[in-house]
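# Chains, contacts and geometry: an overview
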Amino acid sequence: MSASNSTVDVSIIENTVGLLQLGGFANSILYGVNCVQAYTFYQHADKMKDDIILRSLVGVLWILNTLHVGFNIKTVNFYLVKHFNDVGALANTDWSLACQTLLTMISNFLVRMFFSYRIWIISRGSFLVTLPVAVLSFLSFSFGTTFAVESFIHRTFAAMHGISWLVYVPLAIASVSDICMTGALCYFLYTNRTGVRRTDSIINTLMAYCINASLLTTCINIACFVTFLALPKNYIFMAIFFCSSKLYFCSLLATLNARDTLRARSTAVSMPTLGATHRHGADRGIEEAQTISTGFSSDQKDSVLPIDICVSVSTGTDSRTHDGSICSVGKSPG
């Protein structure tokens, strides 16, 4: 074998199974992060009074991502061990790749539907806002699942590029869906700002969570789209796609695990000498903050902890909460 051929062979390996291996490493690291986040969630589940549906959702997503890591290891083993130094094998796809695609589609769809449900709650049941987001999520899931099934049938990368539109379409729809969800959540949060500094601070924090989570997942989808389009013979798009389901799951768990901190900040909201209109606005703002951080409305009493809002009286030595109970505060200046 000549030096030039040897160089070409090394280049092929680096741009294919080399990137595949790096994607597998990143996937495993993110899975470890998911495990820690899931453990934290279940540790606080009783305190947060999370119902069986939410606990089951997290459990199902963890199982799906655990299986995903297993199939990812199988894929890396197929190319790096079973077919070591076999460049011809790089033209074929292992069945475990199709399994990863299917599991990713299912996991991401469940996360998007959870966020869609949150939009439905915070928008007070507005189908005009929620339905388009849910439909986009379902379309992305449908096209992605179709691609996974086709990958089972056609076991070559050449055939996969022949149905490349089944890659472009779900990735594009997923990006639009994530942007729409973020826009809707931020809009309804922003419109419920009350002018009360501490309440607005909580809402601003929630808006930052929404934007950061969506920005990360949207960038992943766009990166997969661009790399698959620009570098069709390079496996970098698979290395990026491997991490997709972990990042979606990470964004959901990060939101759920932030509830304890956010509620601690909201349990002592003080509003000196506010009128009834402002009190109602603040109550509404905190209710929205609770809803977006939990995914459940305030009438679901098992999911939302009560918050006492203290209103100080300018001429007295104590104040009363909005429900009539006494809340001890310092004497206000007369």
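Residues numbered from 1 in each chain as written. Predicted model: local features only at pLDDT ≥ 70, side-chain atom pairs only at ≥ 80, totals over all residues. Heavy atoms only, no water.

Further remarks concern the overall build of the protein. If you tally the helices and strands in the protein, you get eleven helices and three strands. When its helices and strands are written in sequence order, the protein yields α-α-α-α-α-α-α-α-α-α-α-β-β-β. Evaluated residue by residue, the protein yields a buried proportion of 48% over its 334 residues. The contacts in the protein between residues at least 6 apart in sequence include a share of 75% that link residues at least 24 apart. Just so you have it, the protein exposes about 16000 Å², and 67% of that area is on carbon and sulfur atoms. (Helix = DSSP H or I, 4+ residues; strand = E, 2+ residues; numbered from the N terminus. Buried < 20%, exposed > 50% of the residue type's maximum accessible area, 1.4 Å probe, protein only. Contact = heavy atoms within 4.5 Å. Areas by Shrake-Rupley, 256 points an atom, 1.4 Å probe, with all protein chains shown as cover.)

Taken as a whole, the second largest pocket holds about 160 Å³ of empty space. The wall of the second largest pocket is formed by Leu90, Ala91, Phe157, Ala158, His161, Pro232, Lys233 and Tyr235. Classifying every residue of the lining of the second largest pocket by side-chain character gives six nonpolar, one polar and one charged. (1 Å grid on protein atoms, 1.4 Å probe; cavity = no way out; pocket = protein on both sides within 12 Å on 5 of 7 lines; lining within 4 Å. Points joined across faces, edges and corners; volume = space filled by probe spheres on them. Nonpolar A, V, L, I, M, F, W, Y, C, P; charged D, E, K, R; others polar.)

As a further point, take empty space enclosed by the protein. Under the counting rule described, the total for this entry stands at five cavities of 30 Å³ or more. As a volume, the largest cavity reaches approximately 300 Å³. At the level of elements, α3 (95–122), α4 (127–153), α6 (165–190), α7 (197–230) and α8 (236–241) are the ones that each hand at least two residues to the lining of the largest cavity. In terms of residue count, the dominant contributor to the lining of the largest cavity is α3 (five residues). In the lining of the largest cavity, the residues fall into 15 nonpolar, five polar and one charged. Here the second largest cavity is characterised by a volume of approximately 180 Å³. If you go around the second largest cavity, you meet 15 residues; those closest to its centre are Phe115, Thr182, Cys210, Ala213 and Ser214.

Locating Ser151 in the fold gives a position in helix α4. With relative accessibility at 13%, the residue Ser151 sits in the buried group. Once residues within four sequence positions are removed from consideration, Ser151 is found in contact with Thr93 and Ala98.

Attention now moves to a nonpolar patch on the surface. Together, Tyr117, Trp120, Phe127, Leu131, Val135, Phe138 and Leu139 make up a nonpolar patch on the protein surface, roughly 650 Å² of accessible area in all. Of all the secondary structure elements, the ones that give two or more residues to the nonpolar patch are α3 and α4. Top element by residues in the nonpolar patch is α4. It accounts for five residues. On the secondary structure map, Leu131 appears in helix α4. (Patch = residues over 30% accessible without salt bridge, like charges linked within 9 Å, V, L, I, M, F, W, Y side chains within 5 Å. Salt bridge = Lys/Arg side-chain N within 4 Å of Asp/Glu carboxyl O.)

Before going further, it helps to examine the packing of aromatic side chains. Scanning the model with the defined rule gives 14 aromatic pairs in all. For the pair Phe78 and Tyr79, a centre-to-centre distance of 4.9 Å together with 90° between the ring planes defines the contact as edge-to-face. Ring geometry for Tyr168 versus Phe225: centroids 5.2 Å apart, planes at 55°, classification tilted. Note that Tyr168 is positioned in helix α6 and Phe225 in helix α7, a separation of 57 residues in sequence. Classification of Phe225 by relative accessible area gives partly exposed; the value is 27%. An aromatic cluster is built from Tyr168, Phe225, Phe228 and Phe237, whose rings are joined through pairwise contacts. (Phe/Tyr/Trp six-rings, centres within 6.5 Å; stacked < 30°, edge-to-face > 60°.)

Further remarks concern the environment of Asn257. Inspection of the secondary structure assignment puts Asn257 in helix α9 (residues 244–257). C-alpha of Asn257 to C-alpha of Phe41: the two residues are 216 residues apart in sequence and 5.8 Å apart in space. Excluding its chain neighbours within four sequence positions, the residues that come into contact with Asn257 are Gln37, Thr40 and Phe41. Engagement of the side chain of Asn257 in a polar contact is seen with the backbone oxygen of Gln37, the distance being 3.1 Å. (Polar contact = N/O pair within 3.5 Å; in protein donor to acceptor, adjacent residues only side chain to side chain.)

All right, on to the nonpolar core then. Val58, Phe114, Leu252, Leu253 and Leu256 are the most contacted members of the largest nonpolar core, which totals 31 residues. Looking at this core, the elements that each hand over two or more residues are α1 (3–48), α2 (52–82), α3, α6, α7 and α9. If one sorts the elements of this core by residue count, α6 sits on top with seven residues. Ignoring sequence-local partners within four residues, the contact set of Leu253 consists of Asn34, Gln37, Ala38, Phe41 and Val58. Residues Phe157, Met238, Cys243 and Leu247 belong to the second largest nonpolar core, which totals 27 residues. (Core = buried A, V, L, I, M, F, W, Y, C linked by side-chain atoms within 4.5 Å.)

This part covers the pattern of salt bridges. Counted under the stated rule, the structure contains five salt bridges. Between Arg55 and Asp46 there is a salt bridge, with the nearest N and O atoms lying 2.9 Å from each other. Residue class for Asp46 comes out exposed when judged on its relative accessible area of 59%.

Our focus in this paragraph is the packing of α3 against α4. At their nearest, the axes of α3 and α4 sit 9 Å apart, and the two run at 175° to each other. Overall, the two elements α3 and α4 adopt an arrangement that is roughly antiparallel. (Axes fitted to C-alpha atoms, helices over the stretch in contact; angles between N-to-C directions. Parallel < 35°, antiparallel > 145°, perpendicular 65-115°, else oblique.)

What is shown is where atoms sit, not what they do.
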